[in-house]
Amino acid sequence: MINFRIIGRQFSTSISKQNAIKNVTVIGGGLMGSGIAQVAAQAGQSVTLVDVSSDVLAKSQKSIGANLGRVAKKLYKDKPEDGEKFVAEALGRIKTATDPGEASKSADLIVEAIVENMDVKHKLFKQLDSAAPAHTILASNTSSLSINEIGSVVKRKDKFGGLHFFNPVPVMRLLEVVKGAETSEDTYKSMMEWGKAVGKTCITCKDTPGFVVNRLLVPYICEAMRLYERGDASARDIDIAMKLGAGYPMGPLELADYVGLDTNKFILDGWHKKFPDQPLFKPIPLLNKLVAEGKLGVKTGEGIYKYDKK
Ligand SMILES: C[C@H](O)CC(=O)SCCNC(=O)CCNC(=O)[C@H](O)C(C)(C)COP(=O)(O)OP(=O)(O)OC[C@H]1O[C@@H](n2cnc3c(N)ncnc32)[C@H](O)[C@@H]1OP(=O)(O)O
Ligand SMILES: NC(=O)c1ccc[n+]([C@@H]2O[C@H](COP(=O)([O-])OP(=O)(O)OC[C@H]3O[C@@H](n4cnc5c(N)ncnc54)[C@H](O)[C@@H]3O)[C@@H](O)[C@H]2O)c1
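Residues numbered from 1 in each chain as written. Chains lettered and ligands numbered in written order. Predicted model: local features only at pLDDT ≥ 70, side-chain atom pairs only at ≥ 80, totals over all residues. Heavy atoms only, no water.

Some details on the site of ligand 1
Here's step 1: Among the 21 residues in the neighbourhood of ligand 1, the closest are listed as Lys74, Ser143, His164, Asn167 and Asn214.
Here's step 2: One nitrogen or oxygen atom from the side chain of lysine 74 is found 3.0 Å from an oxygen atom belonging to ligand 1.
Here's step 3: Relative to its unbound accessible surface of 1,000 Å², ligand 1 loses 73% to contact with the protein.
Here's step 4: Secondary structure elements with two or more residues in the shell around ligand 1: α2 (54–75), α8 (213–229) and α10 (252–259). (Near = heavy atom within 4 Å. Polar contact = N/O pair within 3.5 Å; in protein donor to acceptor, adjacent residues only side chain to side chain. Areas by Shrake-Rupley, 256 points an atom, 1.4 Å probe, with all protein chains shown as cover. Helix = DSSP H or I, 4+ residues; strand = E, 2+ residues; numbered from the N terminus.)

See the structure below:
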């Protein structure tokens, strides 16, 4: 096992002896999917990263290469040639594909990280369920949707669950492992072992809205947006307040831009529809306006703040 530290946080990449999952297919090559593919490849697993867009896949490979470089710089501080080997080997374990069905055929585990939309996820999981071998575990990285509802379209309900990672995946140490109503004990154990093998600390949660982290974090971010929208304080001052007054690494508005304002809106709209009387889930006109204008945060160069385009 290799242990290393990034910004004061302990990391490990290891191939667990008990972990029977060797071939992982990640569907969705965006922000989350590329991070999940990276940590699995770092842990020695064979990864197929799938997206509908070849352009996205090319961009993902580039960002995975750069982020592996950041990890290698710390892991192999005194041996840059070993660092280069580490990056090349990890990148070599990642194949890309555009056909989810074909890419499922040799998978032990499939992690879905596509758009936060129930209909789109249902369509994909129906396809994966019929294409993947019988032993394959199917998991969703959904931020806010019900695991039971996503899994309602698959026949293998005992082999379905939630694996919720955090952004940026290579840095954030937590993995929420979500048991659906019909997730088997074997599947749950395999998901926990796999999470550990990719260097994460796993917690278990029932299938409740937002699981643990987002049920607390999303209302916090939304309250910060409402505070800003009312003009109670400037965006900068709200962020400074929570960084210096509460010790958060990012302020809530910076974090909203970092996660993606579209993702924030998908989550809030979904919860508002389900729980219309909950004031914490009420729509936020400012959020709706920014998303309608295509200002989605860091990924589009503008959200609550403006960013330099890379
Ligand atoms: C909505 C969803 O369902 C759930 C979610 O994901 S909610 C979001 C959860 N995430 C958070 O709350 C993130 C909060 N923010 C943070 O922890 C920190 O601000 C941060 C880790 C993102 C960035 O840290 P910060 O010190 O501001 O910036 P930066 O200097 O760029 O990065 C710090 C270190 O992390 C490393 N790093 C950052 N991103 C990385 C990545 N993608 N891959 C590898 N390493 C990375 C950098 O190399 C740097 O290392 P160094 O200090 O040794 O040079
Ligand atoms: N952004 C976050 O901080 C965060 C954190 C944890 C979980 N999540 C969840 O992870 C999922 C992905 O979020 P993201 O931020 O990576 O989104 P993203 O927009 O960055 O990436 C989604 C990718 O999925 C691709 N895609 C869409 N439909 C597809 C399909 N049918 N087959 C294959 N690829 C398809 C898109 O082309 C896009 O590249 C969502 O469910 C989100 O709620 C997001």
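Having put the structure on the table, let's press on.
Brief notes about the site of ligand 2
Here's step 1: If you check the shell around ligand 2, you find 20 residues, and the closest are Met32, Asp51, Glu116, Lys121 and Ser143.
Here's step 2: Within the side chain of lysine 121, a nitrogen or oxygen atom sits 2.8 Å from an oxygen atom of ligand 2.
Here's step 3: Serine 143 has a polar side-chain atom sitting 2.7 Å from an oxygen atom of ligand 2.
Here's step 4: The fraction of the free accessible surface of ligand 2 (830 Å²) that becomes covered by protein chains is 85%.

Some words on the state of the cysteines
Among covalent bonds in proteins, the disulfide is the one between the sulfur atoms of two cysteines.
Here's step 1: This model, assessed by the stated rule, comprises 0 disulfides.
Here's step 2: Cysteine 202 takes part in no disulfide bond, and the closest cysteine sulfur to it belongs to cysteine 205, at a distance of 13 Å.
Here's step 3: Left without a disulfide partner, cysteine 222 is nearest to the cysteine sulfur of cysteine 205, which lies 19 Å away. (Disulfide = S-S within 2.5 Å.)

Details of the domain arrangement of the protein
Here's step 1: Partitioning the protein into structural domains gives domain 1 (23–206) and domain 2 (214–300).
Here's step 2: Just the C-alpha atoms count here: the centres of domain 1 and domain 2 sit 26 Å apart.
Here's step 3: Counting from both sides, the interface comprises 10 residues of domain 1 and, opposite them, 8 residues of domain 2.
Here's step 4: Linking domain 1 with domain 2 are 1 salt bridge.
Here's step 5: One salt bridge connects lysine 274 with glutamate 149, and the closest N-O pair in it is separated by 3.3 Å.
Here's step 6: Residue composition of the side of domain 1 that touches domain 2, by class: 3 nonpolar, 5 polar and 2 charged. (Domains from an automatic or database assignment. Contact = heavy atoms within 4.5 Å. Salt bridge = Lys/Arg side-chain N within 4 Å of Asp/Glu carboxyl O. Nonpolar A, V, L, I, M, F, W, Y, C, P; charged D, E, K, R; others polar.)

Structural notes on the environment of asparagine 264
Here's step 1: One can find asparagine 264 in helix α11 (residues 261–274).
Here's step 2: With a relative accessible area of 3%, asparagine 264 lands in the buried category.
Here's step 3: If sequence neighbours within four positions are ignored, asparagine 264 has contacts with Ile221, Ala256, Val259 and Leu287.
Here's step 4: Within the local environment of asparagine 264, its side chain forms a polar contact with the backbone oxygen of alanine 256, the two atoms lying 3.2 Å apart. (Buried < 20%, exposed > 50% of the residue type's maximum accessible area, 1.4 Å probe, protein only.)

Here we look at the pattern of salt bridges
Here's step 1: Per the stated rule, a full pass over the model turns up 17 salt bridges.
Here's step 2: We note a salt bridge from aspartate 82 to lysine 79, for which the minimum N-O separation is 3.9 Å.
Here's step 3: Exposure remark for aspartate 82: the relative accessible area of 30% places this residue in the partly exposed category.
Here's step 4: Salt-bridge contacts for glutamate 293 lead to lysine 295; the nearest nitrogen and oxygen are separated by 3.1 Å.
Here's step 5: Overall, glutamate 293 belongs to the partly exposed group, its relative accessible area being 38%.

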